[in-house]
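# Close look at the chain arrangement
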Amino acid sequence: MVARGSEVRPTARRHSQRSRAGRLAGLGVSGAVLLTLLAGCDVGRTFHGFGWPQHGITEQSEKMYDLWIASTIAALAVGVFVWGLIFWCIIRYRRRGDTLPVQTRFNMPMEFLYTITPILIISVLFYYTAVVQNGVDKLSKNPDVNVEVVAFKWNWQFNYRDGKGPEANTVASTLGTTDLIPVLVVPTGKTIRFEQISRDVIHSFWVPELLFKRDVFPGKTRNVFEVTVTSPGSYVGRCAELCGTYHSMMNFELRAVTPDKFDQFLAAKRAGKSTQDALIAIGQSPTATTTDPFQTKRDLQNFNNTTGTGR
Ligand SMILES: [Cu+2]
């Protein structure tokens, strides 16, 4: 049987189809423009970030947040459009009798539209993803603060350095111990460069509020990233790479203070004060406020289970 769509159609009808395709394309373009405008608004906050964490404290985390919100709005716009078409087709072309409806094939404007539109959408998403990723990974020539992060089983050491790279010198240091959570003091509004090394196995430096984490490798690899913290406060930091028995207790605290306070803190450290005394000197809590030193919970009693059969 020959489908009815292969019959010759009147020119006027083809013309109206073409203009309809043009209108659809126009709608797509105005949708894209609208999206760009919406991305700048606070739509995300209204919808609780569409699932994205709302507590980012750096300029970099804001960029990632904006990308997520814009991408979600774009996805929702496409979704609403497609759902609309589906329901419209279900109602408009529901079965009305036994006659076969018009079978449309080789509608070039329509085929062109649904090939080009997804390519355009993907290209725009790809472009903005690449821009944001490069922005988050961007390293500056002269960071304001250089911190060397040294990870080891199962704690952290933070070295304040006088420059970049392995050749720079450590001018002050904070070391975490079993009894003391290391507090990493940084200034707000400044570019902070973290250079990471590990003394043993692979760890991962993670402050959830940075919305970012990076692995810390042993050997010659120095993983580097930079952040600009915008909100002062105390934020818990963790190891995010399973590194052994006490991995889950390998915590530290990021303490963001004003640049003035940071300068005073560093001066006190350079003068030989302990991190706790230097924190007290700038009116800060001397110990971590977001997490506690880890308890091994191992004593003779529970390590050697006297009531079990393994005695
Ligand atoms: Cu670890």
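Note that the coordinates shown come from a computational prediction; the quantities given were computed from them, not determined experimentally.

On to helix H3 (residues 59–92), then. Helix length check: H3 (34 residues) gives 49 Å between terminal C-alpha atoms against 50 Å at 1.5 Å per residue, within 8%. Along H3, the residues that are buried comprise Gln-60, Ser-61, Met-64, Tyr-65, Leu-67, Ile-69, Ala-70, Ile-73 and Ala-74.

Turning to the pairing of strand S7 (residues 212–216), a few remarks are in order. Put simply, side chains in a regular strand alternate between the two faces of the sheet. Where strand S6 (residues 203–207) and S7 come together, five bridges link them in antiparallel fashion. Looking at the pairing, His-203 lines up with Val-216 of S7.

Attention shifts here to the nonpolar core. Note that soluble globular proteins tend to have their nonpolar side chains buried in a common cluster. Val-149, Ala-151, Leu-184, Val-185 and Val-186 are the most contacted members of the largest nonpolar core, which has 43 residues in total. The dominant element in this core, judged by the number of residues it contributes, is H3, at seven residues. Looking at this core, you find at least three residues from each of domain 1 (12–95 + 103–137) and domain 2 (145–281). Once residues lying within four places of it in the same chain are set aside, the contact partners of Val-186 are Val-145, Ile-192, Val-229, Leu-254, Ala-256 and Phe-262.

Let us now look at the UniProt feature "transmembrane region" (unreviewed entry) in the protein chain. Within this structure's numbering, the places UniProt gives as "transmembrane region" (unreviewed entry) are residues 21–47, 67–91 and 112–130. Regarding residues 67–91, the helix share stands at 100% and the strand share at 0%, and the terminal C-alpha atoms are separated by 36 Å. With 100% helix and 0% strand, residues 112–130 has end C-alpha atoms that lie 27 Å from one another.

This paragraph deals with the pairing of strand S2 (residues 155–161). In terms of burial, S2 is a largely internal element, five of the seven residues being buried. Examined bridge by bridge, strand S1 (residues 145–152) and S2 share seven bridges and lie antiparallel to one another. What sits directly across from Asn-146, in S2, is Arg-161. Between S1 and S2, which pair antiparallel one after the other, the connecting turn spans two residues. Note that S2 and strand S3 (residues 170–175) share five bridges and pair antiparallel. If you follow Phe-158 over to S3, its bridge partner there is Thr-174.

This paragraph deals with the confidence of the model for the protein chain. Across the protein chain, pLDDT averages 86, with 82% of residues at or above 70. Below a pLDDT of 50 lies the segment residues 1–12, which in the model reaches nine contacts outside its immediate sequence neighbourhood of four places, other chains included.

On to the environment of Gln-276, then. Turning to its location among the elements, Gln-276 is positioned in helix H6 (residues 275–281). A count of 15 C-beta atoms within 10 Å places Gln-276 in the partly exposed class. With 11 residues separating them along the chain, Gln-276 and Thr-287 place their C-alpha atoms 6.5 Å apart.

Analysis parameters
Residues numbered from 1 in each chain as written. Predicted model: local features only at pLDDT ≥ 70, side-chain atom pairs only at ≥ 80, totals over all residues. Helix = DSSP H or I, 4+ residues; strand = E, 2+ residues; numbered from the N terminus. Expected span 1.5 Å × (residues − 1). Buried ≥ 20, exposed ≤ 12 C-beta atoms within 10 Å, placed from the backbone. Pairing = 2+ DSSP bridges. Core = buried A, V, L, I, M, F, W, Y, C linked by C-beta atoms within 7 Å. Domains from an automatic or database assignment. Contact = placed C-beta atoms within 7 Å. UniProt positions renumbered as here; feature names shortened; annotations may be inferred. pLDDT = per-residue confidence, 0-100.

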